[in-house]
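Results of the structural survey
Below are the chains, spelled out letter by letter.
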Amino acid sequence: MKLIAIVQEIVQPTDDFFIVKFKSDKSHQEFQIFISSPYLKKIRKYDELLLHVKFRSVVMRDLQGAKTYDTKLYNEMAIEVTDMMRKEYK
């Protein structure tokens with residue numbers, strides 16, 4: 001899934017994730033996106049990025065034996081958004 005996101009927090013050199021808000025999300029939630037070495041990829045706060053997001057979910061059992069799910073968002077590359085991209089992606 002390709003989405004445009006705005007980085008919400010400063011990326012630290014030791015982080016393997018960054019926090020974003022998706023432009024098309026009407027509830028304005030913040031999401032944690034996992035990516036290898038975002039600091040070295042020069043991802044900065046308030047950058048507007050086109051992300052190719054993939055979901056990975058792990059099914060676990062809680063103490064009562066019911067299924068619980070942990071879903072994480074992963075990204076391979078982040079591309080800085082241009083004006084032409086804004087028309088094509090939301």
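The present account deals with the structure reproduced in this document. (Residues numbered from 1 in each chain as written. Predicted model: local features only at pLDDT ≥ 70, side-chain atom pairs only at ≥ 80, totals over all residues. Heavy atoms only, no water.)

**Concerning the side chain of Asp15**
- Mapped onto the fold, Asp15 is located in the loop between strand S1 (2-7) and strand S2 (17-22).
- The side chain of Asp15 sits in the buried core without any salt bridge; Lys45 is the nearest counter-charge, 12 Å away.
- Residues within four places of Asp15 in sequence aside, it is in contact with Ile10 and Pro38. (Helix = DSSP H or I, 4+ residues; strand = E, 2+ residues; numbered from the N terminus. Buried < 20%, exposed > 50% of the residue type's maximum accessible area, 1.4 Å probe, protein only. Lys, Arg positive; Asp, Glu negative; His and termini not counted. Salt bridge = Lys/Arg side-chain N within 4 Å of Asp/Glu carboxyl O. Contact = heavy atoms within 4.5 Å.)

**Some words on the environment of Arg61**
- Within the secondary structure layout, Arg61 lies in strand S4 (residues 48-61).
- By relative accessible area, Arg61 is classed as exposed at 58%.
- Apart from residues lying up to four places away in sequence, Arg61 is in contact with Ala66, Lys67 and Thr68.
- A polar atom in the side chain of Arg61 sits 3.0 Å from the backbone oxygen of Gly65. (Polar contact = N/O pair within 3.5 Å; in protein donor to acceptor, adjacent residues only side chain to side chain.)

**Details of the pattern of salt bridges**
- Under the criterion given, the structure shown has 1 salt bridge.
- Of the charged contacts in the structure, one is a salt bridge between Lys23 and Glu48, with a shortest N-O distance of 3.1 Å. Placement of the pair is Lys23 in the loop between S2 and strand S3 (31-34) and Glu48 in strand S4, with a sequence separation of 25 residues.
- Look at Lys23 and you get partly exposed, because its relative accessible area is 46%.
- Glu48 gets classed as buried once you look at its relative accessible area, which sits at 16%.

**Some thoughts on the pairing of S2**
- Note that S1 and S2 share 3 bridges and pair antiparallel. Residue pairing for S2: Ala5 is matched across the bridge by Phe22.
- Pairing of S2 with S3 involves 4 bridges; the strand directions are antiparallel. Of the residues in S3, the one forming a bridge with Phe18 is Ile33. (Pairing = 2+ DSSP bridges.)

By themselves, these are just geometric observations and shouldn't be taken as functional.
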